[in-house]
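Remarks on the overall topology
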Amino acid sequence: MTGGVAEARPLRVLSLDQCADQYVLALRPDAELALSPRADDPDAWLREAAKGRARVRPTLEAAVSFQPDVVVRYWGGEPRLLTRLEARGTSVAVIADATDFDGIRANIRSVAQALDARERGEALIARMDARLAEAAPATRQAPTALYLTAGGFTAGRETLIDAIFRAAGFRNAAEKPYFNPVSVERIALSPPVLFVLGFFDQARGDWRGPGRHPVVRKAAKGRVAASLAASTLTCPAWFAADAAAMLRDGAA
């Protein structure tokens, strides 16, 4: 109490996974945050902002102890945890698996509303749109490239990777929708004109995966349009626009 008046405690926000960490750090840095154990991993966009923040495992016991006002999740949290939280009246904001930038705008507005941070949400959207404007191609000529992860996967239509390609003025060489494996043999026999690499900056990630095979390295030599940072690809969030800008800069 101060001067006989009880001070209201800050909003308590529990984040259940690394993607949710990015949203709560950007939208409510002034709140009492309990972040996931992966909040400052190398592939977290706001890893520096996460330093010094509390970490909580996404378990029922930890959530009950923290007593959050709002819980934010993308994939984290077991069913009994979510059921118990909703039963006690806790607001749960879910980040959808967006496959385009309209979906990301909807995610930002949804989480911002749950966190009473609409102005910060609109500022994030404005930042994203500015980056997309920077990424827009200067000409109508659209180079074709194959997205490839170190684990040997590509991404076709109806994925956020495809939306990033289109935002940067690229055509996607992947023939099938969604995520699919790419064989070393296919690349050896019919190498794409250009590669766009994803998650290759994670030195320990899939270090023996097909994407790091010597045959693939040889095929990609001199043909890499861009190597996108893992931190831009791990979550359907505003920084996907930064991946598009990286791709556009690499092409330039």
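No experiment lies behind these values; they were computed from the predicted model shown.

**What about the pairing of strand 5 (residues 91–94)?**
- Here strand 4 (residues 70–73) runs beside strand 5; their pairing, made up of four bridges, is parallel. Among the inter-strand pairings, V72 is bridged to a residue of strand 5, identified as A93.
- Following the chain from strand 4 across helix 4 (residues 79–87) to the adjacent parallel strand 5, one finds a crossover that is right-handed.

**A word on unusual backbone geometry**
- One non-glycine residue with positive phi stands out, namely E158, at about 65 degrees.
- Backbone geometry at Y178 places phi at a positive 65 degrees, although glycine is not the residue there.
- Structurally, Y178 can be placed in the loop between strand 8 (171–172) and strand 9 (179–181).
- Judged by its relative accessible area of 45%, Y178 falls in the partly exposed class.

**Comments concerning the nonpolar core**
- Formed by 55 residues in total, the largest nonpolar core has its most connected members in Y23, V72, F101, L115, I164 and L247.
- Sequence-distant contacts of F101, defined by excluding residues within four places in its chain, comprise M128, L132, A163, I164, A167, A240 and A241.
- Membership of the second largest hydrophobic core comes to 12 residues, among which are L148, V182, V184 and F195.

**Brief notes about the sheet that holds strand 11 (residues 224–228)**
- Spatial ordering of the open sheet is given by 8-6-10-11, a layout of four strands whose pairing is parallel. The open sheet is flanked by strand 8 and strand 11, the only strands paired with a single partner.
- Along the sheet, helix 7 (residues 160–167) makes contact with strand 6 (144–149), strand 8 and strand 10 (195–198), crossing strand 6 at roughly 145 degrees.

**As for the pattern of salt bridges**
- Evaluated as defined, the whole model comprises 18 salt bridges.
- With its nearest N and O atoms 2.6 Å apart, the salt bridge here joins E78 to R80.
- Looking at E78, the relative accessible area reads 29%, which means it is partly exposed.
- The shortest N-O distance in the salt bridge between D242 and R127 comes to 2.9 Å. With D242 in helix 10 (residues 240–251) and R127 in helix 6 (residues 118–135), the pair connects residues that are 115 residues apart, well separated along the chain.
- With a relative accessible area of 4%, D242 lands in the buried category.

**So, the sheet that holds strand 2 (residues 32–35)**
- The parallel open sheet is built from five strands, whose spatial order is 3-2-1-4-5. One side of each edge strand has no neighbouring strand; the edge strands of this open sheet are strand 3 (54–55) and strand 5.
- Helix 1 (residues 18–27) contacts strand 1 (12–15), strand 2 and strand 4 of the sheet and is inclined by roughly 165 degrees relative to strand 2.

**What to know about the state of the cysteines**
- Enumeration over the complete set of coordinates arrives at one disulfide.
- For C19, the disulfide goes to C235, at an S-S distance of 1.9 Å. Residues C19 and C235 share a disulfide whose torsion about the S-S bond is about 50 degrees; that sign makes it right-handed. On the criterion of sequence distance, the pair formed by C19 in helix 1 and C235 in the loop between strand 11 and helix 10 is long-range, its members being 216 residues apart. Just as C19 is buried, C235 falls in that class too.

What counts and what doesn't
Residues numbered from 1 in each chain as written. Predicted model: local features only at pLDDT ≥ 70, side-chain atom pairs only at ≥ 80, totals over all residues. Heavy atoms only, no water. Pairing = 2+ DSSP bridges. Helix = DSSP H or I, 4+ residues; strand = E, 2+ residues; numbered from the N terminus. Right-handed = clockwise from strand over helix to strand, strands pointing away. Buried < 20%, exposed > 50% of the residue type's maximum accessible area, 1.4 Å probe, protein only. Core = buried A, V, L, I, M, F, W, Y, C linked by side-chain atoms within 4.5 Å. Contact = heavy atoms within 4.5 Å. Axes fitted to C-alpha atoms, helices over the stretch in contact; angles between N-to-C directions. Salt bridge = Lys/Arg side-chain N within 4 Å of Asp/Glu carboxyl O. Disulfide = S-S within 2.5 Å.

Nothing here speaks to function; it is geometry throughout.
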